Amino acid sequence: MKDTTKIAGKALSEWMQEWHRVEGGLYTQEPELPFLIGVYRFILSGEVVYLGRATEFTNGGFTKRFRDFTRKGAGGRNHHAGQLAYEHRRQLEVEVIVTGIDQAAAWTAKRLKRALLARELPRWNVPAASR
């Protein structure tokens, strides 16, 4: 199947080459992540188990989203995938594709996540009841 769909001027195959490993996983201290938005994926034992997006460009970017999975309280854990991420928070590898820092980048992240999910649906993105 030919990769012809463009998202912000790039084919999905081009976006796939932009995954960046986040040192420290969900507990990262990478200083630029609070200012960046895009898509992220969680990898557990070599398997991509979840795809998400961080689109709050004025409120903490990736860092805020990752903290939702590690802090006490509901946060990202209201969703079944959030509960699983919290349970495995110290074992997860985290990778990101940065789409930018503004509203246009948030829109790109939304479209990119949709395309990535259509390509390969990680098991945590599918509610247990529908598996």
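These lines cover the structure that appears in this document, whether it is placed above or below. Just so we're clear, the structure is a prediction, and the values are computed from it rather than from any experiment. Residue numbers run consecutively from 1 along every chain, following the written order of its sequence. In view of the model being predicted, local features appear only for residues whose pLDDT reaches at least 70, and side-chain atom pairs are presented and counted only at 80 or more, with totals across whole chains, interfaces and linings using the full set of residues. Neither water nor hydrogens contribute to the side-chain values; these are computed over all heavy atoms in the structure.

What follows deals with the overall build of the protein. Each helix is a run of H or I in the DSSP string that is no shorter than four residues. Each strand is a run of E no shorter than two, and both are numbered from the N terminus. When helices and strands are counted, the protein shows 4 helices and 6 strands. When the helices and strands of the protein are listed from N to C terminus, the series reads β-β-α-β-β-β-α-α-β-α. Burial classes follow relative accessibility: with a 1.4 Å probe on protein chains only, a residue under 20% of its type's maximum area counts as buried, one over 50% as exposed, and anything between as partly exposed. Taken across its 131 residues, the protein has 42% of its residues classed as buried. Residue-level accessible areas treat just the shown protein chains as cover; the underlying method is Shrake-Rupley with a 1.4 Å probe. Element-wise, carbon and sulfur atoms account for 50% of the exposed surface of the protein, whose accessible area totals about 7,400 Å².

The next thing to look at is the pairing of strand β4 (residues 37-44). Counted residue by residue, β4 has 8 buried out of 8 residues, so it is predominantly covered. Strands pair, by our definition, only if DSSP identifies at least two bridges between them. Taken together, the 7 bridges between β4 and strand β6 (residues 93-100) define a ladder with antiparallel strand orientation. If you follow Ile43 over to β6, its bridge partner there is Glu93. Sheet topology note: the β4/strand β5 (residues 47-54) ladder contains 7 bridges and is antiparallel.

What follows deals with the side chain of Asn125. With respect to the element layout, Asn125 can be found in the segment after α4 (103-119). Classification of Asn125 by relative accessible area gives buried; the value is 17%. Polar side-chain contacts of Asn125 include one of 2.9 Å to the backbone nitrogen of Leu51. Contact definition: two residues touch when any of their heavy atoms are within 4.5 Å. In this structure Asn125 touches Val49, Tyr50, Leu51, His80, Lys113 and Leu117, once residues within four positions along its chain are discounted. Polar contact criterion, stated in full: a pair of N or O atoms within 3.5 Å, where within protein one must be able to donate a hydrogen and the other to accept it, and residues adjacent in sequence count only if both atoms are side-chain atoms.

One speaks of a salt bridge when a side-chain nitrogen belonging to Lys or Arg is within 4 Å of a carboxyl oxygen belonging to Asp or Glu. In this structure the tally under the stated criterion is 9 salt bridges. When the shortest N-O distance is used, the salt bridge between Glu18 and Lys10 registers 2.3 Å. Glu18 sits in the partly exposed class, given a relative accessible area of 33%. One salt bridge connects Glu93 with Arg21, and the closest N-O pair in it is separated by 3.4 Å.

Time to look at the nonpolar core. Buried residues of nine kinds, namely Ala, Val, Leu, Ile, Met, Phe, Trp, Tyr and Cys, make up a nonpolar core once their side-chain atoms join them within 4.5 Å. Core analysis: the largest hydrophobic core is formed by 19 residues, its most contacted members being Leu26, Tyr40, Phe42, Phe62, Phe66, Leu92 and Trp124. Put simply, the parts of the chain that give this core at least two residues each are β4, β5, α2 (61-68), α3 (80-87) and β6. Setting aside chain neighbours within four positions, we find Trp124 in contact with Phe42, Leu44, Val49, Tyr50, His79, His80, Ala81, Leu84, Ala85, His88 and Leu92. Within the second largest apolar cluster, 10 residues are counted, among which are Ile7, Trp15, Ala109 and Leu116.

Attention now moves to the packing of aromatic side chains. Between rings of Phe, Tyr and Trp, where Trp is taken as its six-membered ring, a pair exists when centres lie within 6.5 Å; planes separated by under 30 degrees are stacked, by over 60 edge-to-face, and by other angles tilted. Taken as a whole and judged by the stated rule, the model has 7 aromatic pairs. For the pair Tyr40 and Tyr50, a centre-to-centre distance of 6.2 Å together with 45° between the ring planes defines the contact as tilted. One end of the pair, Tyr40, is in strand β4; the other, Tyr50, is in strand β5, with 10 residues separating them in the sequence. The same class applies to Tyr40 as to Tyr50, namely buried. Among the aromatic residues, those joined into a cluster by ring pairs are Tyr40, Phe42, Tyr50, Phe62, Phe66 and Phe69. Only lysine NZ and arginine CZ atoms are considered, and such an atom sits over a ring when it is within 6 Å of the ring centre and within 35 degrees of the ring normal. Lying across the ring of Trp15, Lys10 places its NZ or CZ 4.3 Å from the centre. Here the guanidinium or amino end of Arg90 rests over the ring plane of Tyr27, the centre of that ring lying 4.5 Å away.

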